[in-house]
Amino acid sequence: MRRQLASYSSVLFSTFRSYVVPNQAAYTLKFVELFATEIEIPAKGGFSSREKVPFISFVLGGPGSGKGTQCAKIAHTFGFTHLSAGDLLRTEISSNSEKGAVILETIKQGKIVPSEVTVDLIRRAIESSKNHKFLIDGFPRSEENRIAFEKIMGAEPNFVLYFDCPEEEMVKRVLCRNEGRVDDNIDTLKKRLKIYESLNLPVINYYLAKGKVHKINAVGPEEEIFEQVRPIISSYEGACRDFKFSPVSILNSLSLSAGSVQMNMTRVMEFGRLFLL
Ligand SMILES: Nc1ncnc2c1ncn2[C@@H]1O[C@H](COP(=O)(O)OP(=O)(O)O)[C@@H](O)[C@H]1O
Ligand SMILES: O=c1ccn([C@@H]2O[C@H](COP(=O)(O)OP(=O)(O)O)[C@@H](O)[C@H]2O)c(=O)[nH]1
Ligand SMILES: [Mg+2]
């Protein structure tokens, strides 16, 4: 069972407010103690207060549904950083690293690269960016991917865009894509479509049940599809702008597992300070 700290917020706020404040330092200390009794500091991962608190959208849909095309438009119009998991993996292949050979073989077979490899590439890309709002395109591709991301990053997406496209249309687009990709051929595509149905749709359903998914009809001219996307992204603009420094963002970025509540202590301190200053 997983819980988000945000769900504790009302309890925490009321508990927090109930303290009498003789001075700020004592107040902060009490606040930290309040958390310290129930937290476990993760060995790695998560974002410290000195780092950014990322505002994250996962962008999902089958191969050829138009994720990359629409992400480019969103990034251009709204200033998101577009992180395509597939592109990150392809860059790793080009670097001729040991991992690259394994990734290439996996992609050729239309299979999913081990989660820790992909999450690590995404984490590095987020951490090395000056931006704080990200589109993560084509990830997570399986429940295992999703769970690994949430565990390693200590964060859930703020929302999910889902490009819903009939298989026939996806096949037509991928086979015409002409980007020289090793996996854009009918044999690999058939495997990718099967994996999409069996492993990726459950991720979309998971976030649907959490009310985080915006479903887009991906058939039609690119510009018309973007007109469906535009108001959705606009609706998050205020939240994005304020997100970086708001206490809610800090809460939202902390994902807690029952039994092993995980949190970065420095973020607790930051949270306390936000209330006191
Ligand atoms: N709305 C659309 N109608 C027709 N073709 C499209 C549309 N959107 C994207 N494409 C084309 O389809 C192919 C797949 O699009 P892409 O954005 O790469 O999808 P994905 O990242 O989901 O695999 C590309 O060649 C792209 O130019
Ligand atoms: O999180 C990811 C993203 C991609 N891939 C691999 O990379 C391929 C291409 O992914 P991409 O997102 O570029 O394909 P698209 O859906 O855009 O056609 C996939 O079929 C997988 O083999 C993966 O293993 N994990
Ligand atoms: Mg793509």
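Residues numbered from 1 in each chain as written. Chains lettered and ligands numbered in written order. Predicted model: local features only at pLDDT ≥ 70, side-chain atom pairs only at ≥ 80, totals over all residues. Heavy atoms only, no water.

- An unreviewed UniProt entry annotates the protein chain as adenylate kinase originating from Papaver somniferum.
- Comment text from UniProt for the protein chain, heading Subcellular location (unreviewed entry), reads "Cytoplasm".
- The annotation that UniProt attaches to the protein chain under Sequence similarities (unreviewed entry) is "Belongs to the adenylate kinase family." (UniProt positions renumbered as here; feature names shortened; annotations may be inferred.)

## Remarks on the sheet that holds strand 5 (residues 159-164)
Thinking step 1. The strand order across the open sheet formed by 5 strands is 3-4-2-5-6, and the pairing between neighbours is parallel. Edge positions in the open sheet fall to strand 3 (81-84) and strand 6 (213-217), since each of these has one partner strand only. The average undirected angle you get between the axes of adjacent strands in this sheet is 20 degrees.
Thinking step 2. Two elements, strand 5 and strand 6, share 5 bridges in a ladder whose sense is parallel. Within strand 6, the residue paired with Val160 across the bridge is Val213.
Thinking step 3. Strand contacts of helix 9 (residues 186-209): strand 2 (55-61), strand 5 and strand 6, with the helix running at about 140 degrees to strand 2, the strand carrying the most contacts. (Pairing = 2+ DSSP bridges. Helix = DSSP H or I, 4+ residues; strand = E, 2+ residues; numbered from the N terminus. Axes fitted to C-alpha atoms, helices over the stretch in contact; angles between N-to-C directions. Contact = heavy atoms within 4.5 Å.)

## A word on the packing of helix 7 (residues 143-153) against helix 9
Thinking step 1. Two elements in contact, helix 7 and helix 9, have axes separated by 8 Å at closest approach and are oriented at 55 degrees. If you check the angle between helix 7 and helix 9, you find them oblique. The residues of helix 9 that touch helix 7, namely those facing Glu143, Arg146 and Glu150, are Leu199, Pro202, Val203, Tyr206 and Tyr207.
Thinking step 2. Across the contact of helix 7 with helix 9, the residue classes break down as 5 nonpolar, no polar and 3 charged. (Parallel < 35°, antiparallel > 145°, perpendicular 65-115°, else oblique. Nonpolar A, V, L, I, M, F, W, Y, C, P; charged D, E, K, R; others polar.)

## Remarks on the site of ligand 2
Thinking step 1. Around ligand 2 there are 18 residues in total, and Lys67, Arg90, Lys111, Val113 and Arg192 lie nearest to it.
Thinking step 2. Within the contact set of ligand 2, an oxygen atom lies 2.8 Å away from a side-chain nitrogen or oxygen of Arg90.
Thinking step 3. Taking 530 Å² as the accessible area of ligand 2 by itself, protein coverage stands at 96%.
Thinking step 4. With 4 residues, helix 4 (residues 85-94) is the largest single contributor of residues to the shell around ligand 2.
Thinking step 5. The class makeup of the residues in the shell around ligand 2 is 7 nonpolar, 3 polar and 8 charged. (Near = heavy atom within 4 Å. Polar contact = N/O pair within 3.5 Å; in protein donor to acceptor, adjacent residues only side chain to side chain. Areas by Shrake-Rupley, 256 points an atom, 1.4 Å probe, with all protein chains shown as cover.)

## Here we look at the pairing of strand 2
Thinking step 1. Most of strand 2 is tucked away, with 7 of its 7 residues classed as buried.
Thinking step 2. Residue alternation in strand 2 divides its side chains into two sets, Phe55, Ser57, Val59 and Gly61 and Ile56, Phe58 and Leu60, and both sets are buried.
Thinking step 3. Bridge count between strand 2 and strand 4 (residues 133-137): 5 bridges; the pairing is parallel. By the bridge assignment for strand 4, Phe58 is matched with Ile136.
Thinking step 4. As defined by bridge partners, strand 2 adjoins strand 5 across 5 bridges and the pair is classed as parallel. When the sheet's bridge partners are listed, Ser57 is paired in strand 5 with Phe159. (Buried < 20%, exposed > 50% of the residue type's maximum accessible area, 1.4 Å probe, protein only.)

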